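Here is how the chains run, residue by residue.
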Amino acid sequence: MRFHALSSGLALAALLLTSGWAFAHPHVFVDAETTIAFDDAGNVTAIEHRWSFDRAISAWQIQGLDTNGDGKVSGDELSDLTRDSMADLARREFYTYAGEGATDLHFEIGPDGRMSYVGGRTVLEFSLVPTQAYRIGKELEIAVYDPEYYVALGLDDIAAVTLRNAPAGCSASLRPAKQLPPELADQLNALPAEVTELPPELGAVLRGMQGAILIRCEEGEALPPSGQSTDFDNAPPGLPFGRPAHQPVHPTP
């Protein structure tokens, strides 16, 4: 998975050029939790997400899914929604972008994607696996957000971030969203319409502008990642998380 901030072409550039990232208003609200897993050699082996959706979209998602009429919605009954959501997230880079300096991490989707319905909310859990072992050199940035701002992924508390089996000397913190500098806005505005991926130096500057998880390790040597992300081009079309195409969803008070 290539880390680039212009995945939607000039549409995203237009988003970045607006004040406070307010080009659109979110209609789906998600409480996010993220775990970064390491192996015994100190390499990052997975980014694991757990996303709990607001009650309004959750109620919409499960309509008609209690096929056996037992008053509960099981994981099996959510399997089609899970499959379609993961396929659509793949086309949106799983709303997950990671890199260090000029290095971008590439990911494959893990085999453990699943959805459940707990306490009136749907919960999506899945993992992303680096295509090659990666050892953090100094500070890894992981940004989790929807560039189009239809989905608001709330990751506002460091308590929602877990490091599992991290080497000694590694710690996590959160960087808040930044205001786009005028000179950077000018560079984006000057890009031609056919550009769909930012130059590496510009992508590195933009990484984490909407906020990021920062994983800092006192020692380590980065291993450059390689490989390509899983091909989901033939996945069925859809919208993220089964949301209605023409029915904006707002959270209940």
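Up top is the structure.
Below is a summary of the structure that appears in this document. As a convention, each chain's residues are numbered from 1 in the sequence order in which they are written. Confidence filtering applies because this is a predicted model: local features only for residues at pLDDT of at least 70, side-chain atom pairs given and counted only at 80 or more, and all residues used for totals across whole chains, interfaces and linings. Water and hydrogen atoms play no part in the side-chain values, which are based on all heavy atoms of the structure.

1. Looking at the pairing of strand E12 (residues 212–217)
Right, on to step 1. Of all six residues that make up E12, five are buried, and the element is covered over most of its length.
Right, on to step 2. Between any two strands, pairing holds if DSSP finds at least two bridges. Helix numbering and strand numbering both begin at the N terminus, where a helix is a DSSP run of H or I of at least 4 residues and a strand a DSSP run of E of at least 2. Here four bridges tie strand E8 (residues 139–144) to E12, and the two strands are oriented antiparallel to one another. In the sheet register, glutamate 141 faces E12, and the bridge partner there is leucine 214.
Right, on to step 3. For strand E11 (residues 170–175) and E12, the ladder comprises six bridges, and the chain directions are antiparallel. Looking across to E12, one finds that arginine 175 is bridged to alanine 212. We call a residue buried when its accessible area falls under 20% of the maximum for its residue type, exposed when it is over 50%, and partly exposed in between, using a 1.4 Å probe and counting protein chains only.

2. Quick word on the pattern of salt bridges
Right, on to step 1. Counted as salt bridges are all cases of a side-chain nitrogen of Lys or Arg within 4 Å of a carboxyl oxygen of Asp or Glu. Summed over the entire model, instances satisfying the criterion amount to eleven salt bridges.
Right, on to step 2. The partner of glutamate 48 in a salt bridge is arginine 164, with the nearest N and O atoms 2.5 Å apart. Taken together, the residues glutamate 48 in strand E2 (residues 44–53) and arginine 164 in strand E10 (residues 161–164) connect sequence positions 116 residues apart.
Right, on to step 3. Residue classification places arginine 164 among the partly exposed residues on the basis of a relative accessible area of 41%.
Right, on to step 4. Glutamate 125 serves as the salt-bridge partner of arginine 114, at 3.5 Å between the closest nitrogen and oxygen. Highlighted residues: arginine 114 in strand E6 (residues 114–118) and glutamate 125 in strand E7 (residues 121–130), separated in sequence by eleven residues.
Right, on to step 5. You can call arginine 114 partly exposed: its relative accessible area is 42%.
Right, on to step 6. One salt-bridge network, held together by shared partners, links Glu33, Arg50, Arg114 and Glu125.

3. Some remarks on the environment of serine 127
Right, on to step 1. With respect to the secondary-structure elements, serine 127 resides in strand E7.
Right, on to step 2. Classification of serine 127 by relative accessible area gives buried; the value is 5%.
Right, on to step 3. Each C-alpha atom, one on serine 127 and one on arginine 50, is 8.8 Å from the other, the two residues being 77 residues apart in sequence.
Right, on to step 4. Sequence-distant contacts of serine 127, defined by excluding residues within four places in its chain, comprise Ile47, Glu48, Glu108, Ile109, Gly110 and Asp112.
Right, on to step 5. Two N or O atoms form a polar contact when they lie within 3.5 Å of each other; inside protein one atom must be a possible hydrogen donor and the other a possible acceptor, and for residues adjacent in sequence the pair counts only when both atoms belong to side chains. At a separation of 2.8 Å, a polar atom in the side chain of serine 127 contacts the side chain of aspartate 112. For this analysis, residues touch if any pair of their heavy atoms sits within 4.5 Å.

4. Examining the sheet that holds E12
Right, on to step 1. Spatial ordering of the open sheet is given by E4-E3-E8-E12-E11, a layout of five strands whose pairing is antiparallel. Two strands in the sheet have a free side with no partner beyond their single neighbour: strand E4 (103–104) and E11.
Right, on to step 2. By the bridge criterion, four bridges tie strand E3 (residues 96–100) to E8 in an arrangement that is antiparallel. Note on E8: the bridge partner recorded for tyrosine 97 is alanine 143.

Geometric values such as these leave the question of function open.
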